[in-house]
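Topology and contacts: notes
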Amino acid sequence: PAGQDSDRATGAGQPAPRRYRSQDWFDNPEHIDLTALYLERFMNYGVTAAELRSGRPVIGIAQSGSDLSPCNRIHLELAKRVRDGIRDAGGIPMEFPLHPIFENCRRPTAALDRNLAYLGLVEILHGYPIDAVVLTTGCDKTTPAQLMAAATVDIPAIVLSGGPMLDGWLDGELVGSGAAIWKGRRQMAAGEIDGEKFLDIAAASAPSAGHCNTMGTASTMNALAEALGMSLTGCAAIPAPYRERGQIAYETGRRIVEMARSDLRPSTILTRDAFLDAIVVNAAIGGSTNAQPHLMAMARHAGVTLESADWMEYGYDVPLLLNMQPAGKYLGERFHRAGGVPAVMWELLQAGRLRAARPTVTGRTMADNLAGRESGDREMVRPYAAPLQERAGFLTLRGNLFDFAIMKTSVISDQFRARYLSTPGSEGVFEARAVVFEGSADYHARINDPALAIDEHCILVMRGAGPLGWPGSAEVVNMQPPDALVRRGVMNLPTLGDGRQSGTSDSPSILNASPESAAGGGLAWLRSGDMIRVDLNRGRCDMLVDDAELARRRSEPAPPVPPSQTPWQQIYRATVGQLENGACLELALQYRAVGQHLPRH
Ligand code: FES
Ligand code: MG
């Protein structure tokens, strides 16, 4: 069509130009009146009609950084290098905001925003003239939200991680983000530090721009995005302030233009093999328990069947290879210097644990990407044959309290193992008296109440913390023991709940229980004082309450659920599924590849 040849950027050696979806807006001879309307307002900041009618791909940059998203704020700078790369490769960048998702500050929980940002990004990518997109990831849910949307829309997409903060140091010791908070709370409960010292520790753990420098949910989800094949090789672990971060931003910008030209879409990359590899990598890096709902949500939006049983079948017997907090010692800078995600995956590939003959955004297979990526730092990335721990994946449990829950075995401390899992003759099995809390306010109000008589034989139970109950599902299940027990050196009691816990927590909690109490799960009928039996060998967790008594309790009122406070909370509750299935907006799953169907004029 007229106008296409005036400014064509594709040169010799490029694939033959294809017609992009943006041309339906900007270069449509059958609707020149509409094209005029679509073009005119972009010109008011200096873009020319010739550029927009040149047949170049329009590349979206989903900007996740803002003052409300401090973990991702580095992307405001990195986007300049992404734009440079897009321009140099012959594309036209268009940056737009993603709904902010800030893990630490959003009440009642950032989990509500994963699905809201997902919805918003789907609408943007479907309804605007965007041919391909750079997803700028960082803080926990910014990664799954954008990958879920890219999978739904199915236009070419690439992940650019913002990178972790520099390592934190205080008094000559490493202090990791999140992990320092949990430790500081225990130290304060034990009377070892005061509030001012706690603030110093928190500040020291966050020394620069970037997301959490521990293997919390942020580093986990960025690592898994790379493991899925959705980012350039080595992208996830580069610390935010490092030179290489700006450089890979530029390369990512260049690469997405090539992906637009060859129409390399998420549906080609996000296969079942990719998700099974992500489960394996998650175990080897000691990844966050939030990987379970997020991977499930991404898989379902990609149209990939992932079963709850896959976590045990493919992930449980994978050894812990990465020595990073909270499962290990070190932080993100050393992870990057040790080779990052490719170094861990190289080990897994040699051991035959990956399905790496699969496509990635680089245009090569994962196996090709990993060639020559062996780590030179064996304190940080252990050889497969000499790991930090054998069988480091998630255990999945079921019983009369729930149909599904997970436990992160790589953070079970020696103290916890000795106290609860080492009874001669019944190793891996323990019974404990339930102390039930209705949400975190109830926990904080009563945990130190002497009338509860909490001791080492108790299990702390949190309900009302799932997707419907909270709403959104909160990171509150890693409950600290009462101060009196902490002062006696009891750092962890068994805990159980229908909410989640922070990926930076070192608590071996039983998490993500589905169905949750507010959905009529068995947790709703538990009473303080009931005995709970946990059998890790058989993957069972049951309340020792007989059926007649349970039937009687079911005739009583269910635990109260707070009302929705905003319109979105109500919509979320009306559409969300359980954590076992990724806490997706269930009705969204019927929409697939919507970018292939243009909306009407
Ligand atoms: Fe945002 Fe940890 S709180 S990355
Ligand atoms: Mg978190």
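Residues numbered from 1 in each chain as written. Chains lettered and ligands numbered in written order. Predicted model: local features only at pLDDT ≥ 70, side-chain atom pairs only at ≥ 80, totals over all residues.

Here's the deal with the overall build of the chain
When you go through the chain residue by residue, the secondary structure sums to 22 helices and 14 strands. Since a compact globule built from 601 residues should have a radius of gyration of about 25 Å, the 25 Å found for the chain is in line with a globular shape. For the chain, the spread of C-alpha atoms along the three principal axes comes to 80 × 55 × 45 Å. Within the span of the chain, comprising 601 residues, buried residues form 56% of the whole. (Helix = DSSP H or I, 4+ residues; strand = E, 2+ residues; numbered from the N terminus. Rg over C-alpha atoms; globule rule 2.2 N^0.38 Å. Buried ≥ 20, exposed ≤ 12 C-beta atoms within 10 Å, placed from the backbone.)

Details of the UniProt feature "domain: Dihydroxy-acid/6-phosphogluconate dehydratase C-terminal" (unreviewed entry) in the chain
Listed under "domain: Dihydroxy-acid/6-phosphogluconate dehydratase C-terminal" (unreviewed entry) in the UniProt record, and renumbered for this structure, are residues 380–583. End C-alpha atoms of residues 380–583 are separated by 34 Å, and the span's content is 18% helix alongside 21% strand. (UniProt positions renumbered as here; feature names shortened; annotations may be inferred.)

Remarks on the pairing of strand β14 (residues 540–543)
Side-chain alternation along β14 places Cys-541 and Met-543 on a buried face and Arg-540 and Asp-542 on a face that remains uncovered. Of the strand pairs in this sheet, strand β13 (residues 531–535) and β14 are connected by four bridges, and their pairing is antiparallel. Along β14, the bridge assignment pairs Val-534 with Cys-541. Linking two consecutive strands that pair antiparallel, namely β13 and β14, is a turn of four residues; a positive phi of about 65 degrees is found at Gly-539 within it. (Pairing = 2+ DSSP bridges.)

A short note on the UniProt feature "domain: Dihydroxy-acid/6-phosphogluconate dehydratase N-terminal" (unreviewed entry) in the chain
When the UniProt feature table is mapped onto this chain numbering, "domain: Dihydroxy-acid/6-phosphogluconate dehydratase N-terminal" (unreviewed entry) sits at residues 56–369. Note that residues 56–369 is 48% helix and 9% strand, and that its end C-alpha atoms are spaced 28 Å apart.

Considerations on the environment of Thr-504
Position of Thr-504 relative to the elements: it lies in the loop between β11 (495–497) and β12 (510–514). A residue is classified by how many C-beta atoms lie within 10 Å of it, and Thr-504, with 29 of them, is buried. Remark: the alpha-carbon pair of Thr-504 and Asp-167, spanning 337 residues in sequence, is separated by 14 Å. If we skip the residues at most four places from it in the chain, Thr-504 touches Gly-176, Ser-177, Gly-178, Ala-179, Cys-212, Thr-214, Gly-216 and Pro-326. (Contact = placed C-beta atoms within 7 Å.)

Remarks on the sheet that holds strand β1 (residues 58–63)
Reading across from one edge, β2-β1-β3-β4 is the order of the four strands in this open sheet, with parallel pairing throughout. A single partner strand is all that each edge strand has here, and the edge strands are β2 (92–97) and β4 (157–161). Averaged over all pairs of adjacent strands, the angle between strand axes in this sheet comes to 25 degrees, irrespective of strand direction. Pairing of β1 with β2 involves six bridges; the strand directions are parallel. In the strand pairing of β2, Ile-59 is matched with Pro-93. (Axes fitted to C-alpha atoms, helices over the stretch in contact; angles between N-to-C directions.)

What about the packing of helix α9 (residues 217–228) against helix α12 (residues 272–284)?
At a minimum axis separation of 9 Å, α9 and α12 run at an interaxial angle of 140 degrees. Considering their axes alone, α9 and α12 lie oblique with respect to each other. Seen from above, α9 lies across α12 with right-handed handedness. In contact with Thr-220, Ala-223, Leu-224, Ala-227 and Leu-228 of α9, α12 contributes Ala-274, Asp-277, Ala-278, Val-281 and Asn-282. Of the residues belonging to the contact of α9 with α12, the class tally is seven nonpolar, two polar and one charged. (Parallel < 35°, antiparallel > 145°, perpendicular 65-115°, else oblique. Left-handed = near helix turned anticlockwise from the far one by under 90°. Nonpolar A, V, L, I, M, F, W, Y, C, P; charged D, E, K, R; others polar.)

Structural notes on the environment of Asp-167
Residue placement: Asp-167 occurs in the loop between β4 and β5 (168–170). Counting along the chain gives 45 residues from Asp-167 to Cys-212, while the straight-line C-alpha distance between them is 9.4 Å. When residues no more than four places from it in sequence are discounted, the contact partners of Asp-167 are Leu-174, Asn-213, Leu-331, Gly-332 and Glu-333.

Describing the nonpolar core
Among the nonpolar cores identified, the biggest contains 175 residues, and Ile-59, Val-133, Val-281, Ala-284 and Val-344 are the most heavily contacted of them. Sorting elements by how many residues they give to this core places α12 first, with nine residues. Setting aside residues up to four positions removed in sequence, Val-133 forms contacts with Ile-59, Gly-60, Ala-62, Leu-125, Ala-150, Ile-155 and Ala-157. (Core = buried A, V, L, I, M, F, W, Y, C linked by C-beta atoms within 7 Å.)

Thoughts on the pairing of β12
In terms of burial, β12 is a largely internal element, five of the five residues being buried. Here strand β8 (residues 404–408) runs beside β12; their pairing, made up of three bridges, is antiparallel. From the neighbouring strand, Ile-406 faces β12, where its bridge partner is Leu-511.

Some words on helix α4 (residues 75–88)
Its 14 residues give α4 an end-to-end C-alpha distance of 19 Å, which sits within 8% of 20 Å, the value for a rise of 1.5 Å per residue. Restricting attention to buried positions, one finds in α4 the residues His-75, Leu-78, Ala-79, Val-82, Arg-83, Gly-85 and Ile-86. Projected down its long axis, α4 shows its buried positions confined to an angular sector of 165 degrees, all on one face. Those residues of α4 that are buried are in contact with β1, β2, β3 (132–137), β4 and α10 (243–262). Gly-90 lies just past α4 and shows a positive phi near 100 degrees. (Expected span 1.5 Å × (residues − 1). Arc of directions from axis to C-beta.)

Remarks on the confidence of the model for the chain
Looking at the chain as a whole, the pLDDT averages 95, with 97% of positions reaching at least 70. Scoring of the predicted complex yields 0.96 for pTM and 0.93 for ipTM. (pLDDT = per-residue confidence, 0-100.)

Side note on the packing of α12 against helix α16 (residues 340–350)
Taken N-terminus to C-terminus, the directions of α12 and α16 make an angle of 110 degrees; their axes are 10 Å apart at the nearest point. Judged on the interaxial angle alone, α16 and α12 are roughly perpendicular. Between α12 and α16 lies a crossing whose hand is right-handed. Across the interface between the two elements, Val-280, Val-281 and Ala-284 of α12 pack against Val-344, Met-345 and Leu-348 of α16.

Some words on unusual backbone geometry
That bond from Gln-325 to Pro-326 is cis: its omega, 10 degrees, falls within 30 degrees of zero. Within the secondary structure, Pro-326 sits in the loop between α14 (310–315) and α15 (332–337). Pro-515 follows Ser-514 through a cis peptide bond whose omega is -5 degrees. Tracing the backbone shows Pro-515 in the loop between β12 and β13. Its identity is not glycine, yet Ala-593 carries a phi of approximately 50 degrees, on the positive side. By secondary structure assignment, the location of Ala-593 is in the segment after α22 (567–575). With 15 C-beta atoms packed within 10 Å, Ala-593 lands in the partly exposed category.

Re the environment of Cys-584
Here Cys-584 shows up in the segment after α22. On a C-alpha basis, the gap between Cys-584 and Arg-364 in space is 31 Å, while along the polypeptide they are 220 residues apart. The contact partners of Cys-584, leaving out residues within four places of it in the chain, are Ala-297, Arg-300, Gly-577 and Leu-589.

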